[in-house]
Amino acid sequence: MFKVAVVGSGYIAQNHLAALKKIEDAQLVAIIGRNAEKGEKVAQENGARFFKSLEEAKRETDMDVVIICTPTDLHEQFVKEAAALKCHVLCEKPITFTVESFDRMVEACRENGVRFMVAQVARWWPEFITIRKDYLETGKLGKLHMIYEKRICQHPTWTTWHRDPKKSGGGLYDLNIHDIDYLYSIFGKPETVYATGWKSSTGCWNHVCTSLSWESGVKAVVETSLEMTGNWPFSIEFRATGDAGTIDYALTAGLNINDGERGSNLNWYPAGDEKIYPIEVEQTDMFEGEIREFLSAIRENRPASVTLEQNRGVLEVVQATIRSLEENTVVRL
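Residues numbered from 1 in each chain as written. Predicted model: local features only at pLDDT ≥ 70, side-chain atom pairs only at ≥ 80, totals over all residues. Heavy atoms only, no water.

**Observations concerning the overall build of the protein**
(1) Moving on: Per the secondary structure count, the protein includes 10 helices and 15 strands.
(2) Moving on: Computed over C-alpha atoms, the radius of gyration of the protein comes to 20 Å, within 12% of the 20 Å expected from 2.2 N^0.38 for 333 residues, which places it in the range of a compact globule.
(3) Moving on: Residue burial in the protein is summarised as follows: out of 333 residues, 56% are buried.
(4) Moving on: When the accessible surface of the protein is summed, it comes to about 14,800 Å², and 48% of that surface belongs to carbon and sulfur atoms. (Helix = DSSP H or I, 4+ residues; strand = E, 2+ residues; numbered from the N terminus. Rg over C-alpha atoms; globule rule 2.2 N^0.38 Å. Buried < 20%, exposed > 50% of the residue type's maximum accessible area, 1.4 Å probe, protein only. Areas by Shrake-Rupley, 256 points an atom, 1.4 Å probe, with all protein chains shown as cover.)

**Considerations on the pattern of salt bridges**
When charged atoms on two side chains of opposite charge get close, those side chains can pair.
(1) Moving on: One pass over the structure, following the stated rule, counts 23 salt bridges.
(2) Moving on: Salt-bridge contacts for Arg 292 lead to Glu 24; the nearest nitrogen and oxygen are separated by 3.1 Å. Of the two residues, Arg 292 is situated in helix α9 (residues 286-299) and Glu 24 in the loop between α1 (11-20) and β2 (26-32); the sequence distance between them amounts to 268 residues.
(3) Moving on: A residue is classified by how much of its surface remains accessible, and Arg 292, at 27% relative accessible area, is partly exposed.
(4) Moving on: In this structure, Lys 80 engages Glu 76 in a salt bridge whose closest nitrogen and oxygen atoms are separated by 3.0 Å. In this pair, Lys 80 and Glu 76 both sit in helix α4 (residues 75-84), 4 residues apart, roughly one turn of the helix.
(5) Moving on: Lys 80 sits in the partly exposed class, given a relative accessible area of 34%.
(6) Moving on: The class for Glu 76 is buried, based on a relative accessible area of 14%.
(7) Moving on: Through salt bridges with shared partners, one network takes in Asp 103, Lys 189, Arg 312 and Glu 316. (Salt bridge = Lys/Arg side-chain N within 4 Å of Asp/Glu carboxyl O.)

**What to know about the nonpolar core**
(1) Moving on: Within the largest apolar cluster, 109 residues are counted, with the highest numbers of intra-cluster contacts made by Val 6, Phe 238 and Ile 247.
(2) Moving on: With 7 residues, the single largest contributor to this core is α9.
(3) Moving on: In this view, Ile 247 contacts Ile 131, Tyr 135, Leu 141, Phe 238, Arg 239, Ala 240, Leu 266, Asn 267, Trp 268 and Ile 279; residues no more than four positions away in its chain are not counted. (Core = buried A, V, L, I, M, F, W, Y, C linked by side-chain atoms within 4.5 Å. Contact = heavy atoms within 4.5 Å.)

**Overview of the sheet that holds strand β4 (residues 65-68)**
(1) Moving on: Taken in spatial order, the 6 strands line up as β3-β2-β1-β4-β5-β6 in an open sheet, and their pairing is parallel. In the strand order of this sheet, the two ends are held by β3 (49-51) and β6 (116-119), each with one partner. In this sheet, adjacent strand axes meet at a mean angle of 25° when their direction is disregarded.
(2) Moving on: Where strand β5 (residues 88-92) and β6 come together, 4 bridges link them in parallel fashion. When the sheet's bridge partners are listed, Glu 92 is paired in β6 with Ala 119.
(3) Moving on: Contacts from α4 reach β1 (2-7), β4, β5 and β6 within the one sheet, and its direction differs from that of β5 by about 165°. (Pairing = 2+ DSSP bridges. Axes fitted to C-alpha atoms, helices over the stretch in contact; angles between N-to-C directions.)

**Remarks on the state of the cysteines**
(1) Moving on: For the coordinates displayed, the defined rule picks out 0 disulfides.
(2) Moving on: Note on Cys 87: no disulfide assigned, nearest cysteine sulfur contributed by Cys 109 at a separation of 10 Å.
(3) Moving on: On the basis of relative accessible area, Cys 87 is assigned to the buried category, the value being 0%. (Disulfide = S-S within 2.5 Å.)

**As for the pairing of β5**
(1) Moving on: In terms of burial, β5 is a largely internal element, 5 of the 5 residues being buried.
(2) Moving on: Across the two faces of β5 the burial is the same, with His 88, Leu 90 and Glu 92 and Val 89 and Cys 91 all buried.
(3) Moving on: Bridge count for β4 against β5 is 4 bridges, and the pairing is parallel. Bridging from a neighbouring strand, Val 66 pairs with Val 89 of β5.

**Some remarks on the side chain of Ser 200**
(1) Moving on: With respect to the secondary-structure elements, Ser 200 resides in the loop between β8 (192-199) and β9 (205-213).
(2) Moving on: Judged by its relative accessible area of 9%, Ser 200 is buried.
(3) Moving on: For Ser 200, the contacting residues outside a window of four places in its chain are Asn 206 and Glu 227.

**What to know about the environment of Val 114**
(1) Moving on: In this fold, Val 114 is placed in the loop between α5 (99-111) and β6.
(2) Moving on: The sequence separation of Val 114 and Leu 85 amounts to 29 residues, and the corresponding C-alpha distance is 9.5 Å.
(3) Moving on: Those residues in contact with Val 114 that sit more than four places away from it in its chain are Ala 83, Lys 86, Cys 87, His 88 and Cys 109.

**Quick look at the packing of α5 against helix α10 (residues 308-327)**
(1) Moving on: The geometry of α5 relative to α10 is characterised by a closest axis approach of 9 Å and an angle of 165° between their N-to-C directions. As the angle between them shows, α5 and α10 are arranged roughly antiparallel. As for how α5 packs across α10, the hand of that crossing is right-handed. Of α10, the residues touching α5 (which contributes Val 99, Glu 100, Phe 102, Asp 103 and Val 106) are Leu 308, Asn 311, Arg 312, Leu 315, Glu 316 and Gln 319. (Parallel < 35°, antiparallel > 145°, perpendicular 65-115°, else oblique. Left-handed = near helix turned anticlockwise from the far one by under 90°.)

This is the structure we're talking about:
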């Protein structure tokens, strides 16, 4: 039985807590946070104890896994603290802002002999799993022409820290990194990056279009925004077109991704066929999927499917995107 502590009690932490209840060999033992009133309430609701620090929680419980769900600027601190306490670490994305910071986290976990995984939850999105396994990895699309991904929304209503680039990195880090990670996990590191975008008054790159090219010939455009206006809903799209057809996915949620009546569809448009083929996908819990993968990697003493090498490469792509935005240039990786 894994004894799990969760750092944080906000919106993302709540998703992890709900998922933990479905995992038979995981027991929540501690909530860690600075807000005692909120933390005590969340801990009580989930049958755990509240502590103000990881060190205190380790003294009072037998925790061996820590899930970090804090603003991004606190990730390095908590990863290193958890590793020093000999706890395996699952940390929310974006993992950090720089490759150098990431390397320090990896080294802390290596020195203490603990597993470390970044919670790139989009890899467990049901439709994205189907697109990857049944269309991109099988070659069903034929020779790929172009991939388009979109992840655009208003600023989240459940937080204010996303507006501070020192805490969140803005839309480029918080949203764009999902799609960059997904593409990287399939095609590897791109050869070139070019981006154009808009920076908010607080200094966040919050609306960005990134063009990526791979040596294999694959090309993709990724659009990201945290700055949609009016009553714009949280929206996701994925479209890949090749010689043999097009796979297309679209999701429209509420103001936040879990709000309102969620509508989505996944369709296959084979070349030379006038029919549209809707694809039914079993809906599964993405957070449950990523936590199960991390715990399985610990149990089986193997690297997790979200590898540290991929995480480092994704950060390199994001940093190249920033350089492209600021210098208006194509960046080679």
